[in-house]
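Summary of the model geometry
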Amino acid sequence: MSCNEPYFSPLSSICFEQYGCSDWQQDLENLAIARRLTYEAANGKRRPFQIVIATDRFCPLGDIIDSMILSAEGTGLLQAQCDGQPIVRFHLQLRGERSVKIIQENDGHIQRLENSGVKFTYEECNSSSGISELTNARECAMQFIRNLPKDDDPIILWLDDDLAFDALVTQNGEVQLSRPWSFFHEIWRFHEMYPRIDIGLGDVTGAPPLPASSTLNTNLVDLNANISGIAARSDKERWGERDYYYDLSDVSRNNQPWKLDSNSVGSDEILWNLLEVGILARPLVATCSNFPIQENRYIRGGNTIIFNHGLLHETDHPKIPRRGDTIWSLMVQKRGGCLGHFPLPLRHIRDNFAENWTPDSGLHNWMRRLKVDLIGASFQRHYANNNSIGAEDILIERCERQLESFRNSLNLVNNLQDELRIPLTKFIEKGIDVTSQLKMNPDVFETYHLAVKSQFVIFHDAIQHEEVEA
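I will try to describe carefully the structure that is included in this document.

The rules behind the values
- Residues numbered from 1 in each chain as written.
- Predicted model: local features only at pLDDT ≥ 70, side-chain atom pairs only at ≥ 80, totals over all residues.
- Heavy atoms only, no water.
- Helix = DSSP H or I, 4+ residues; strand = E, 2+ residues; numbered from the N terminus.
- Buried < 20%, exposed > 50% of the residue type's maximum accessible area, 1.4 Å probe, protein only.
- Contact = heavy atoms within 4.5 Å.
- Areas by Shrake-Rupley, 256 points an atom, 1.4 Å probe, with all protein chains shown as cover.
- 1 Å grid on protein atoms, 1.4 Å probe; cavity = no way out; pocket = protein on both sides within 12 Å on 5 of 7 lines; lining within 4 Å.
- Points joined across faces, edges and corners; volume = space filled by probe spheres on them.
- Nonpolar A, V, L, I, M, F, W, Y, C, P; charged D, E, K, R; others polar.
- Pairing = 2+ DSSP bridges.
- Salt bridge = Lys/Arg side-chain N within 4 Å of Asp/Glu carboxyl O.
- Axes fitted to C-alpha atoms, helices over the stretch in contact; angles between N-to-C directions.
- Disulfide = S-S within 2.5 Å.
- Parallel < 35°, antiparallel > 145°, perpendicular 65-115°, else oblique.
- Left-handed = near helix turned anticlockwise from the far one by under 90°.

Some remarks on the overall build of the protein
Secondary structure assignment for the protein yields 14 helices and 14 strands. A burial count over the protein gives 56% of its 470 residues as buried. Here the analysis covers contacts within the protein between residues at least 6 apart in sequence; of these, 82% occur between residues at least 24 apart. Of the accessible surface of the protein, which amounts to about 20,800 Å², a share of 47% is contributed by carbon and sulfur atoms.

Quick look at the structure:
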């Protein structure tokens, strides 16, 4: 049975009008509705919010905090309290040796957040599964949520450390940063409309939450057209197409190149965008096509809203290198949890160009992410389809598509200047080697199967224990 409804309309669609774009608060009628929701929360009629972010790096905390303050401005939300407790709380889980320095260097941002009325807390977490830093961060966040006092039953916003509370939108086909909604007030409205949903899985704008290897060919199509003077698309409709940025998409895509805003960017920054950020001309944007709720949506892109805390006590985060967050959401669903697509995205911020970065310094991590994502995405599809298709078969097919994409990319880089052609050729050839080896040895899923199996055993034992007690 589906937990989703077909459509969710945010308070204001003012940023999607044909002419002009203002922040959502410019719609005074809807601002009044948001103020009413805040008033109800202050009187105990709506649940408070607990933001949970785990990090081991100097994340863009200033951008995150500024976007929170500005998106909720005029609603009284961040200043509101109920029974002496702030309605909005922000908890930072810190990992690694730089924890103290991260707090010290963000002191001004944290002070600004506390001055706005938000309750800020932090703690160090030393979880170490030995699988990946991402898995360790997920475990830290989950442990905090499990231990959180639930006396006023907060809604949990379990977020990655690079998501801001604004969004990229398009106006007349051009991309711009905007605040098209108050994320918090929209969560209240969503929960009221769809109370059966236990966990809402949200989307992002900005950089795709994928390894840059998965968007390389599409970006090179655009870059090559821009350099060669080939006609490129600039129609507004292109932003509403599915997977317009993704080389390995399952949907039929228009393969025409897109226009680049400028070709004055230096080669080092182009390489950075191609190999680290994953976008040149095609960032993810919010459009009216975002609002239909996707059926059977289970992908967790770091933007997760938890309405039912109990589900976290039943299901540990799987100790796997990649796509563990999505596998976790599928585990929750298979145990009876109701997942729902929350259609309003947050903005995914990839790091700005680092002056000390070189292609050689980024090659190892690029290849690692390529490999673990091919494996993780294959197991994700295997598990989502109730094991009806072998994970190895899916992996081989994805490797074949990745190899085709890389070979097409090799043809495209031959037209570029040496500053781009030489390093890109090296990356693509290494990518072909890694993918070819993986295709020849697809039996790499033992860790994934064990992680899922161990969770099933724990859950089965718990059910039996409950039946005995009953």
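Here the narrative resumes, following the displayed structure.
Topic: empty space enclosed by the protein
Overall, the coordinates contain two cavities of 30 Å³ or more when judged by the stated rule. Approximately 50 Å³ is the volume found for the largest cavity. In terms of lining residues, the largest cavity is bounded by P211, A212, S213, L275, E276, G362, N365, W366 and R369. In terms of residue count, helix α11 (residues 359–384) provides more of the lining of the largest cavity than any other element does, four residues in total. Residues of the lining of the largest cavity, tallied by class, amount to four nonpolar, three polar and two charged. In this model, the second largest cavity occupies a volume close to 40 Å³. Residue lining of the second largest cavity: P211, S213, S214, L248, L370, D373, L374, R398 and Q402, and that is the complete set. Those elements that provide at least two residues to the lining of the second largest cavity are α11 and α12 (391–413). Here the lining of the second largest cavity gets three residues from one element, more than from any other, and that element is α11. Across the lining of the second largest cavity, the residue classes break down as four nonpolar, three polar and two charged.

Things to note about the sheet that holds strand β11 (residues 204–206)
Within a sheet, neighbouring strands are paired by backbone hydrogen bonds and run either parallel or antiparallel to one another. With respect to topology, three strands assemble into an open sheet ordered β7-β14-β11, the strand pairing being mixed. Edge positions in the open sheet fall to β7 (163–164) and β11, since each of these has one partner strand only. Taken together, the two bridges between β7 and strand β14 (residues 346–348) define a ladder with antiparallel strand orientation. Directly across from L163, in β14, lies its bridge partner H348.

Points about the environment of G266
Counting through the fold element by element, G266 comes out in the loop between α7 (216–228) and α8 (267–277). Distance from G266 to E419, taken between C-alpha atoms, is 9.8 Å for residues 153 residues apart in sequence.

Digging into the pattern of salt bridges
Tallied over the full model, the rule gives 25 salt bridges. Where E192 meets R46, a salt bridge forms, and the shortest distance between an N and an O atom there is 3.1 Å. Taken as a pair, E192 in helix α6 (residues 183–193) and R46 in the loop between α1 (28–42) and β1 (49–55) lie far apart in primary sequence, 146 residues in all. Classification of R46 as buried rests on a relative accessible area of 15%.

Notes on unusual backbone geometry
At D153, a position not held by glycine, the phi torsion is positive, near 55°. With respect to the helices and strands, the residue D153 is situated in the loop between α5 (133–147) and β6 (155–159). In the Ramachandran plot, D243 falls in the positive-phi region, its phi being about 55° despite a non-glycine side chain. Structurally, D243 is set in the loop between α7 and α8. In this structure D243 comes out as buried when scored by relative accessible area, which is 17%.

A short note on the sheet that holds strand β12 (residues 303–306)
In space, the seven strands of this open sheet follow the order β5-β4-β1-β6-β12-β10-β13, with mixed pairing throughout. For this open sheet the edge positions go to β5 (119–124) and β13 (339–341), each flanked by a neighbour on one side alone. Within the sheet, the average angular offset between the axes of one strand and its neighbour, ignoring direction, is 20°. In this sheet, strand β4 (residues 88–94) lies alongside β1 in parallel orientation, the contact comprising seven bridges. Note on β4: the bridge partner recorded for A54 is Q93. In the packing of α6 onto the sheet, contacts are made with β1, β4, β6, β12 and β13, and the angle to β6 comes to roughly 125°.

Side note on the state of the cysteines
Scanning the entire structure with this criterion turns up one disulfide. Between C125 and C140 runs a disulfide, and the two sulfur atoms are separated by 2.0 Å. Since a negative S-S torsion denotes a left-handed disulfide, the C125-C140 link at about -85° is left-handed. Residue C125 is located in the loop between β5 and α5, and its partner C140 is located in helix α5; the two are separated by 15 residues in the primary sequence. Taking relative accessible area as the criterion, C140 reaches 1% and is therefore assigned buried.

Section: the packing of α12 against helix α13 (residues 418–440)
Orientation of α12 relative to α13, taken along the N-to-C sense of each, is 160°, at an axis distance of 9 Å. Here α12 is positioned roughly antiparallel relative to α13, judged by the angle of their axes. In the packing of α12 onto α13, the handedness of the crossing is left-handed. Taking contact as the criterion, the partners of L395, I396, C399, E400, Q402, L403, F406, S409, L410 and V413 in α12 are, on α13, R421, L424, T425, I428, E429, G431, I432, T435, S436, L438 and K439. When the residues that make up the contact of α12 with α13 are grouped by side-chain class, the tally is 11 nonpolar, six polar and four charged.

A short note on the side chain of T304
The residue T304 is located in strand β12 in this model. Given the relative accessible area of 0%, T304 is considered buried. Setting aside residues up to four positions removed in sequence, T304 forms contacts with I156, L157, W158, L159, I199, G200 and L201.

In short, the description is geometric, and any link to function would need to be established separately.
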